[in-house]
Amino acid sequence: MKLLFLTQVLDTNDAVLGFVPRWIEAFARRCERVRVIALEVGDTAGLPSNVDVREVGRSGSLGRYLRNRSFLREALLNDHFDAVLAHMVPRYSSLAARTARKAGARQFLWYTHGTVDERLRRAAAVVDKLFTASEESLRLATPKKVVTGHGIDLEHFAERGVQPSMPPRILSVGRVTPAKDPLTVLAAVSILVSRGFDLHLDLAGDVLAPGDANYRRRVEEQIEVGGLKQRVTMHGAVPYREIPALYRRASIVVNASSTGSIDKVVLEAIACMRPVVTCNDSFARMFRELGPSSERLMFAQGSADQLAERIESFLRMRATERRAVCERLHALVARDHEVEALIARLCREMEGAS
């Protein structure tokens, strides 16, 4: 199979999509050739020799469209790539559809988000299969949906024997946006501090959408008003290669996301053997395998009181009991969400598409 991979960013230093080169490396071991068409290309050192890259660039909407079309025609009509996998952006599938049909190439889309809009529906109409991490990560009723699990690099996020810092550090990773709800996390930390806990909060993530800057100011104001300035560090965007260090020094990782899909931040924390607390209902099915103890991993969305209770229960838990919870969670991620297993599954599905 000669795979054409369409993505926004190819850069190991990117805070959000820094994992994509690792996917490409795994694809390259299973494909004759891999070509990546990306809006933006940064550090790609170490990619295998059977991988090449085309950068569309972000400047000029018309120029961007024409460059993208040219790269698609080059790959599909001239170089005869026979499978197209768009990553997270349904529009990429729609843009490639006509050229892919002309070339007789199969089309696929990887999508993990709770949002279902017209762009996703249009893409679903033209692709052979839609891949997603869980049932909840693609809430579109279609027989084309294939649930594959996420692709977490267990080696990259390995614990490496590092013990959490003291006093305890709480970690929240994600964009500074209402959907990630850092305000509830801050409120929970305030409650715990008022109960006498000496702890620190790390917020890793930056703004992305234009309106997020105003929301960041609200977060900064709550830090100030809540008297948390000495207890909270806003790290901004943290490169993918550096984020494991934040997981390793954390005692607990909190995920207040309301995006409606499995958030890989939770899986990365588990891969790093750190306990997690989330309000994301997409994890209810996964955590259910732990039995009654799974309740301590979930809190009601927007409930700072319940989040504080969940964090406190982990802070008071014996180290051996906390370790046992982490080991059981790690086994689930290794079974269902390991990167090499994911890529192997995607390749089988794409090669088997009629």
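All residue numbers refer to position in the chain's written sequence, counted from 1. A pLDDT threshold of at least 70 governs which residues receive local features in this predicted model, and a stricter bar of 80 or more applies before side-chain atom pairs are shown or counted, although totals over entire chains, interfaces and linings include all residues. As a rule here, side-chain values come from all non-hydrogen atoms in the structure, and water together with hydrogens is ignored.

Student: Whenever I open this one, the environment of Ala324 confuses me. Can you help?
Tutor: The helix and strand labels rest on DSSP assignments: H or I over at least four residues marks a helix, E over at least two residues marks a strand, and numbering proceeds from the N terminus. Within the element layout of this structure, Ala324 appears in helix α11 (residues 319-336). Placed 49 residues apart in sequence, Ala324 and Pro275 show a C-alpha to C-alpha distance of 10.0 Å.

Student: Honestly, the side chain of Ser294 in this entry has me stumped. Any pointers?
Tutor: When you line up the elements, Ser294 lands in the loop between α9 (284-287) and α10 (304-316). Judged by relative accessible area, Ser294 falls into the buried class, the value being 14%. Contacts: residue pairs with any heavy atoms within 4.5 Å of one another. Setting aside residues no more than four positions away along its own chain, Ser294 makes contact with Phe287 and Arg288. Under the scheme applied here, a residue whose accessible area is under 20% of the maximum for its type counts as buried, over 50% as exposed, and between as partly exposed, the area being computed with a 1.4 Å probe on protein chains only.

Student: Looking at this model, I keep getting lost on the pattern of salt bridges. Mind explaining?
Tutor: Note that side chains of opposite charge can pair when their charged atoms are close. When a carboxyl oxygen of Asp or Glu lies within 4 Å of a side-chain nitrogen of Lys or Arg, that pair is called a salt bridge. Within this structure, the stated rule accounts for 37 salt bridges. The shortest N-O distance in the salt bridge between Glu340 and Arg29 comes to 2.2 Å. Remark: Arg29 occurs in helix α1 (residues 20-30) and Glu340 occurs in helix α12 (residues 339-351); sequence separation between them is 311 residues. Under the relative-accessibility criterion, Glu340 is labelled buried at 17%.

Student: Help me understand the nonpolar core, please; the structure alone is not making it clear to me.
Tutor: Most often, soluble globular proteins keep nonpolar side chains buried together rather than apart. One finds Phe27, Tyr247 and Phe287 to be the most contacted residues of the largest nonpolar core, which totals 93 residues. Counting residues per element, this core draws most heavily on helix α5 (residues 182-194), which supplies 7 residues. If we ignore the near neighbours within four places in the chain, the residues touching Tyr247 are Phe157, Leu171, Val173, Val253, Val265, Glu268, Ala269, Cys272 and Arg274. Ranked by size, the runner-up nonpolar core spans 26 residues in total, among them Ala75, Ala96, Ala100 and Leu140. Grouping buried Ala, Val, Leu, Ile, Met, Phe, Trp, Tyr and Cys residues that are joined through side-chain atoms within 4.5 Å yields what is termed a nonpolar core.

Student: Explain the sheet that holds strand β3 (residues 51-55) here, please?
Tutor: The strands that make up a sheet pair up through hydrogen bonds in the backbone, lying either parallel or antiparallel. The 7 strands lie next to each other as β3-β2-β1-β4-β5-β6-β7, forming an open sheet whose pairing is parallel. The open sheet is flanked by β3 and β7 (145-147), the only strands paired with a single partner. Across the sheet, the axes of successive neighbouring strands diverge by a mean angle of 25°, strand direction being ignored. Note that strand β5 (residues 106-110) and strand β6 (residues 129-132) share 3 bridges and pair parallel. Directly across from Leu109, in β6, lies its bridge partner Leu130. Axis definition: a line fit to C-alpha positions, over the contact stretch in the case of helices; interaxial angles, taken between N-to-C directions, run 0 to 180 degrees. Its contacts with the sheet put α12 on β1 (2-10), β4 (83-87), β5, β6 and β7, and the angle it makes with β5 is roughly 150°. At least two bridges found by DSSP between two strands are what make those strands a pair.

Student: I tried to follow the pairing of strand β11 (residues 252-255) on my own but got confused; where do I start?
Tutor: Consecutive side chains of a regular strand alternate in pointing toward one face of the sheet and then the other. What you see with β11 is no split at all: Ile252 and Val254 on one side and Val253 and Asn255 on the other are buried throughout. One ladder, built from 2 bridges, connects strand β8 (residues 169-173) with β11; its direction is parallel. Paired with Leu171 across the bridge in β11 is Val253. Here 3 bridges tie β11 to strand β12 (residues 276-278), and the two strands are oriented parallel to one another.

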